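Residue-level listing of the chains:
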Amino acid sequence: AQTVTQSQPEMSVQEAETVTLSCTYDTSESDYYLFWYKQPPSRQMILVIRQEAYKQQNATENRFSVNFQKAAKSFSLKISDSQLGDAAMYFCAYIYAGNNRKLIWGLGTSLAVNP
Amino acid sequence: DTEVTQTPKHLVMGMTNKKSLKCEQHMGHRAMYWYKQKAKKPPELMFVYSYEKLSINESVPSRFSPECPNSSLLNLHLHALQPEDSALYLCASSLRTSGSSYNEQFFGPGTRLTVL
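Conventions we followed
Within every chain, residues take consecutive numbers counted from 1 along the sequence as written. Following the order in which they are written, the chains are lettered starting with A and the ligands numbered starting with 1. Given that the model is predicted, a residue must reach a pLDDT of at least 70 before its local features are reported, and side-chain atom pairs must reach 80 or more before they are shown or counted; all residues, however, enter totals for whole chains, interfaces and linings. The side-chain quantities take in all heavy atoms of the structure and omit both hydrogens and water. Working rule for contacts: check all heavy atoms of both residues, and any pair within 4.5 Å makes them a contact. Summed over both partners, the accessible surface that disappears when two parts come together, traced with a 1.4 Å probe, is what is meant by buried area. Whenever Lys or Arg places a side-chain nitrogen within 4 Å of a carboxyl oxygen from Asp or Glu, that contact is recorded as a salt bridge. The numbering of helices and of strands both runs from the N terminus, where a helix is a DSSP run of H or I of at least 4 residues and a strand a run of E of at least 2. Charged residues are taken to be Asp, Glu, Lys and Arg, nonpolar residues to be Ala, Val, Leu, Ile, Met, Phe, Trp, Tyr, Cys and Pro, and polar residues to be all remaining types, Gly included. One bridge is not enough; two strands pair if DSSP finds at least two bridges between them. Only the stretch in contact is used when fitting a helix axis, every axis being a line fitted to C-alpha atoms; angles between N-to-C directions are given from 0 to 180 degrees. By convention in this document, the label disulfide applies to cysteine sulfur atom pairs within 2.5 Å. For the exposure calls, accessible area comes from a 1.4 Å probe over protein chains only, and a residue counts as buried if that area is under 20% of its type's maximum, exposed if over 50%, partly exposed in between. Here a cavity is any set of points on a 1 Å grid over the protein atoms alone where a 1.4 Å probe fits but cannot get out, and a pocket is any open set with protein on both sides within 12 Å along at least 5 of 7 lines; a residue lines the site when it has an atom within 4 Å of a point. Grid points are joined across faces, edges and corners, and a volume is the space filled by probe spheres set on the points.

1. Some points on the interface of chain A and chain B
Accessible area lost on assembly of the parts is the figure often given for the size of an interface.
Alright, step 1. Residue-level contacts link 22 residues of chain A with 29 residues of chain B.
Alright, step 2. Carbon and sulfur atoms make up 52% of the surface buried where chain A meets chain B, a total of about 2,100 Å² over both sides.
Alright, step 3. The interface formed by chain A and chain B contains one salt bridge.
Alright, step 4. For Glu58 of chain B, the salt bridge is made with Lys102 of chain A, and the minimal N-O distance between the two is 2.7 Å.
Alright, step 5. The set of elements that each furnish at least two residues to the side of chain A that touches chain B consists of strand S5 (32-39), strand S6 (46-52) and strand S10 (88-96) of chain A.
Alright, step 6. Among the elements that line the side of chain A that touches chain B, the one with the most residues is S5 of chain A, at four residues.
Alright, step 7. Here the side of chain A that touches chain B is built from residues that sort into 12 nonpolar, five polar and five charged.

Written out as structure tokens, the structure is:
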């Protein structure tokens, strides 16, 4: 079965500091994609970053970067220089390339940013 | 235009009412999705339309009836809902559902539904 696990239901970080959100997944497939989505209290779900499984290089998007450990099936998100606007629910998600329709979601991590 | 719009933003309905949720995109996407999301939970997939045809129905009760009149528009018709159906209903779209490369899903802001 394909599953995504986020072991940290809640986290907090001081403004300007760095925080890492954890995600592990289970799959027997070799061709898949991993994502981090952000959902602020205003509720719009936004894609933060994506990683193709065949790429060894970790994806980065400005202050957001991932640590993709394929053998360990780990996909953590690092947020550098945290800002108040980073406060949100963060969902890790997986999709198998052969089932290009259904995202498998983790339960989410609620991130608070303290001024 | 990289936006998925949803109307209404909020909806309150009784258990005997009939109402509809609307979703629209003008990005030329041919796949559209309905999700249900409870507070602090991940979205649950309900329906997927691909090229205006229903391709996935995740065993959703028949009181939810989707409709895709054209490639830009997706409706969700609601009838005889239960209080436990109260949730945020999200619409999303992607370029397509087939192919070897993933097509990102773009989400709308959602409709907050309350069933009394």
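That shown, we press on.
2. Things to note about the sheet that holds strand S8 (residues 73-79) of chain B
Residue and element names in this part refer to chain B.
Alright, step 1. Judged by pairing direction, the sheet is antiparallel, and its four strands sit side by side in the order S1-S3-S8-S7 without closing on themselves. Both outer strands of the open sheet, strand S1 (4-7) and strand S7 (64-70), are each paired with one neighbouring strand and no more. Going across the sheet, the axis of each strand differs from the next one's by a mean of 20 degrees, ignoring polarity.
Alright, step 2. Sheet analysis places S1 next to strand S3 (residues 18-25), joined by four bridges and oriented antiparallel. From the neighbouring strand, Thr5 faces S3, where its bridge partner is Glu24.

3. With respect to the state of the cysteines
Alright, step 1. Within this structure, the stated rule accounts for two disulfides over all chains.
Alright, step 2. The disulfide partner of Cys23 of chain A is Cys92 of chain A, and the S-S distance across this bridge is 2.0 Å. Residues Cys23 of chain A and Cys92 of chain A are joined by a disulfide whose S-S torsion is about -70 degrees; by sign, that bridge is left-handed. Residue Cys23 of chain A is located in the loop between strand S3 (19-21) and strand S4 (24-26), and its partner Cys92 of chain A is located in strand S10; the two are separated by 69 residues in the primary sequence.
Alright, step 3. For Cys23 of chain A, a relative accessible area of 1% gives the class buried.
Alright, step 4. Here Cys23 of chain B pairs with Cys91 of chain B through a disulfide, and the sulfurs are 1.8 Å apart. Across the disulfide from Cys23 of chain B to Cys91 of chain B, rotation about the S-S bond amounts to roughly -70 degrees, and the bridge is consequently left-handed. Of this pair, Cys23 of chain B sits in strand S3 while Cys91 of chain B sits in strand S9 (residues 87-94); the two residues are 68 residues apart in sequence, bridging distant segments of the chain.
Alright, step 5. Judged by relative accessible area, Cys91 of chain B falls into the buried class, the value being 0%.

4. Some words on the layout of surface pockets
Alright, step 1. Size it by volume and the largest pocket reaches roughly 260 Å³.
Alright, step 2. Along its surface, the largest pocket is lined by 15 residues, and Gln39, Pro40 and Met89 of chain A together with Ala39 and Lys40 of chain B are the ones closest to its centre.
Alright, step 3. When residues of the lining of the largest pocket are assigned to their parent elements, the largest contribution, three residues, is made by S10 of chain A.
Alright, step 4. When grouped by side-chain class, the residues that make up the lining of the largest pocket number seven nonpolar, three polar and five charged.

5. Considering the pairing of strand S2 (residues 10-13) of chain B
Residues and elements named next belong to chain B.
Alright, step 1. The side-chain alternation of S2 yields one buried face, formed by Leu11 and Met13, and one unburied face, formed by His10 and Val12.
Alright, step 2. Pairing analysis gives four bridges linking S2 to strand S11 (residues 111-115), with the strands arranged parallel. By the bridge assignment for S11, Met13 is matched with Val115.

Treat this as a map of the structure, not an account of what it does.
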